[in-house]
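# Breakdown of the fold
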Amino acid sequence: MSLFFLAPDAVRGDTVTITGPLVRHIGGALRSHVGDQLTVVDGDGERYLVELTAVDPLAIHAVIRRRLGPEPASAVHLTLALAVLKTPNMDVVLQKATELGVDRFVPLITQRTVVRLKHEREPRQLARWRAIALEAAQQSERGRVPRVDAPTRFPDYLAESRHADGTRILLWEDESTMGLHDCLSAGDPPRGATLLVGPEGGFDADEIRAARAAGIVTVSLGDAILRAETAAPTALAILQYAWGGLGRRSGQRAT
Ligand code: SAM
């Protein structure tokens, strides 16, 4: 059963009114009809199991059958700081990382970033990335849509995140002493973690030096050089297996 994010004022008492593009999706693409049940999320992250009472071309009406409360907070607030990749690889990573429980995306502009985002096109590109994260959250029944920040130059990100809480891990294919595995074996999960992944051509040596000077840990994922769009979801899955609920029964946490 898919999950849908509602407009802020859609819930009134025990009734829900769905309007806008969702009507065509639920009433059209999904061919939903009266009596069907859906899970919806209001603007505050509250989830509800609702039953459809009317499906019209302009609006869908439903009654609340069960209040499910907010999605339980994930054990680790996960940020993916990812060098902007060529389309469609960037879309693929946004989608997979949302499914894997990322809470925030920081698109990075690095020395070797090949994608040149024209300033005037940036808002449209950002809106597109946010729509991909919304759709992936709905499809994976995540009760929260990850935040997608505006693209940030790597040096600015390092300066901004210098005092950020939590662990910051940078995936570097030339790292020879520390593997991601070594990072995970030390004690309880952190409250927050940031994973940094480079562009198609990797981070350059100055960026690695600057990251380390900023207290970021550089790690290897192993001998194989993975494409960025493989390395990011792979490392996220490893983190969520070690720290989150991935690979466990629904609701069971990492111990
Ligand atoms: N520098 C290489 C090149 O010139 O082709 C490879 C870059 S790799 C395709 C893209 C990104 O994936 C890297 O910046 C890194 O963040 C990550 N990555 C790929 N394989 C990795 C590995 N074995 N260990 C750690 N990070 C890796």
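Structure: above.
Residues numbered from 1 in each chain as written. Predicted model: local features only at pLDDT ≥ 70, side-chain atom pairs only at ≥ 80, totals over all residues. Heavy atoms only, no water.

As a further point, take the site of the ligand. For the ligand, the set of nearby residues contains 20 residues, the closest of which are L171, E173, L221, G222 and A224. Here a nitrogen atom of the ligand and a side-chain polar atom of E173 are 2.6 Å apart. Backbone polar atom of L221 to a nitrogen atom of the ligand: 2.8 Å apart, as the coordinates give it. Protein contacts shield 83% of the accessible area of the ligand, which totals 570 Å² for the unbound molecule. Its residues placed into classes, the shell around the ligand shows 12 nonpolar, five polar and three charged. (Near = heavy atom within 4 Å. Polar contact = N/O pair within 3.5 Å; in protein donor to acceptor, adjacent residues only side chain to side chain. Areas by Shrake-Rupley, 256 points an atom, 1.4 Å probe, with all protein chains shown as cover. Nonpolar A, V, L, I, M, F, W, Y, C, P; charged D, E, K, R; others polar.)

With respect to the helices and strands, D204 occurs in the loop between β12 (192-197) and α6 (205-213). Lacking a salt bridge, the buried D204 has R112 as its closest oppositely charged neighbour, with an N-O distance of 5.5 Å. Of the polar contacts made by the side chain of D204, one reaches the backbone nitrogen of E207; its length is 2.9 Å. Among residues more than four places away in sequence, those in contact with D204 are Q111 and R112. (Helix = DSSP H or I, 4+ residues; strand = E, 2+ residues; numbered from the N terminus. Buried < 20%, exposed > 50% of the residue type's maximum accessible area, 1.4 Å probe, protein only. Lys, Arg positive; Asp, Glu negative; His and termini not counted. Salt bridge = Lys/Arg side-chain N within 4 Å of Asp/Glu carboxyl O. Contact = heavy atoms within 4.5 Å.)

The subject of this paragraph is the side chain of T98. Relative to the helices and strands, T98 is located in helix α2 (residues 89-99). Accessibility expressed as a relative area gives 0% for T98, which makes it buried. In this structure the side chain of T98 is engaged in a polar contact, spanning 2.7 Å, whose partner is the backbone oxygen of L94. The residues touching T98, leaving out its near neighbours within four places in the chain, are F105, A133, A136, A137, R142 and P146.

When you tally the buried positions in strand β11 (residues 167-171), you get four out of five residues, the bulk of the element. As judged from the four bridges shared by β11 and β12, these two strands associate in the parallel manner. Directly across from T167, in β12, lies its bridge partner A193. Pairing of β11 with strand β13 (residues 217-219), which is carried by three bridges, proceeds in the parallel orientation. Bridged to L171 within β13 is V219. (Pairing = 2+ DSSP bridges.)

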